[in-house]
Structures are given as structure tokens and as C-alpha cells.
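# Tertiary structure, described
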Amino acid sequence: MENYNIEPYNEKKYKNEDAYIRAEKRLKVLKGFYWHAFWYVAVNIFIVASIVRSGGDIWHFGTWSTPLFWGIGLGFHALGVFGKRFVFSKRWEERKINEFMEQEKRHWE
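Let me sum up the structure you'll find in this document. (Residues numbered from 1 in each chain as written. Predicted model: local features only at pLDDT ≥ 70, side-chain atom pairs only at ≥ 80, totals over all residues. Heavy atoms only, no water.)

## Considering the environment of G71
To keep it simple, the criterion reads: Secondary structure follows DSSP: runs of H or I at least 4 residues long count as helices, runs of E at least 2 residues long count as strands, and numbering of each begins at the N terminus. Think of it in three bands: with a 1.4 Å probe and only protein chains considered, a residue is buried below 20% of the maximum accessible area for its type, exposed above 50%, and partly exposed in between.
Note that G71 resides in helix α2 (residues 61-87). Given a relative accessible area of 24%, G71 falls into the partly exposed group. Measuring from C-alpha to C-alpha, the distance between G71 and Y40 comes to 7.7 Å, with 31 residues separating the pair along the chain.

Listed below in C-alpha cells is the structure:
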């Protein structure tokens with residue numbers, strides 16, 4: 001009879017695997033955003049340079065319309081990727097809690 005090394009269910013291993021899968025998904029989303037930002041810069045430099053080189057006015061709205069509207073889309077992509085963490089990080093929360101506690105302390109002293 002063959003010896004199969006079947007390990008019993010271990011809660012710790014499951015949590016580590018689950019955390020790894022979440023981290024892998026987060027990495028994929030983050031890489032997608034970085035590629036989006038890279039192509040935004042590369043393509044818009046090419047577009048603006050082409051317009052200016054062909055005699056277009058650099059200060060015309062049409063020259064900057066693609067970077068503007070694509071930039072808005074990139075901004076929404078950034079909000080989707082970074083979400084609340086971008087503005088309301090754990091450090092920010094801790095600072096605010098400490099600030100409110102100091103205000104309470106001063107109020108009651």
C-alpha cells in the first residue's frame with residue numbers, strides 16, 4: 001500500500017493561502033493600473049508631439065483634449081485601485097483618533 005502524505009486541515013495554512021490569493025489579486029489590479037498609467041503617458045506624449053510637429057497650436061483645446069479626458073478616466077481607475085486607502089489610510093485614522101483624544105483631554109482638564 002502506498003503512503004499518501006495527507007495532512008490534516010490546518011486553519012493557519014488556510015488563512016495564509018487565502019491571504020496569498022488576495023495579495024496576488026491585488027498585485028494584478030495594481031499592475032493593471034501601472035500599465036494604464038504607462039500607456040497614458042506614452043500615447044499622450046506621442047499625440048501632443050504629433051499635433052505640434054504638424055503645425056498645430058500647443059495651447060489649443062484639441063491638443064490637450066485626449067490627455068484631459070483620458071486623464072479623468074485614469075483618475076477613476078486610480079480611485080478604483082487605491083480606493084479609500086488613498087485618502088483614508090490606517091495612519092490617517094490613527095492620527096485623527098489621537099487628535100480627537102487630545103481635544104477631549106484638553107476639554108476636560
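## Observations regarding the pattern of salt bridges
Side chains that differ in charge, positive against negative, can pair when their charged atoms come close. Quick note on the threshold: The working definition used for a salt bridge is a side-chain nitrogen of Lys or Arg within 4 Å of a carboxyl oxygen of Asp or Glu.
Per the stated rule, a full pass over the model turns up 2 salt bridges. Put simply, D18 and R22 hold a salt bridge, and the shortest N to O gap is 2.7 Å. Pair noted here: D18 and R22 are both in helix α1 (residues 11-53), with a separation of 4 residues, about one helical turn. Where K96 meets E99, a salt bridge forms, and the shortest distance between an N and an O atom there is 3.3 Å. With a gap of 3 residues between them, K96 and E99 both fall in helix α3 (residues 90-108), about one helical turn apart. The partly exposed category is assigned to K96, whose relative accessible area is 26%. The exposure class assigned to E99 is partly exposed, which follows from its relative accessible area of 35%.

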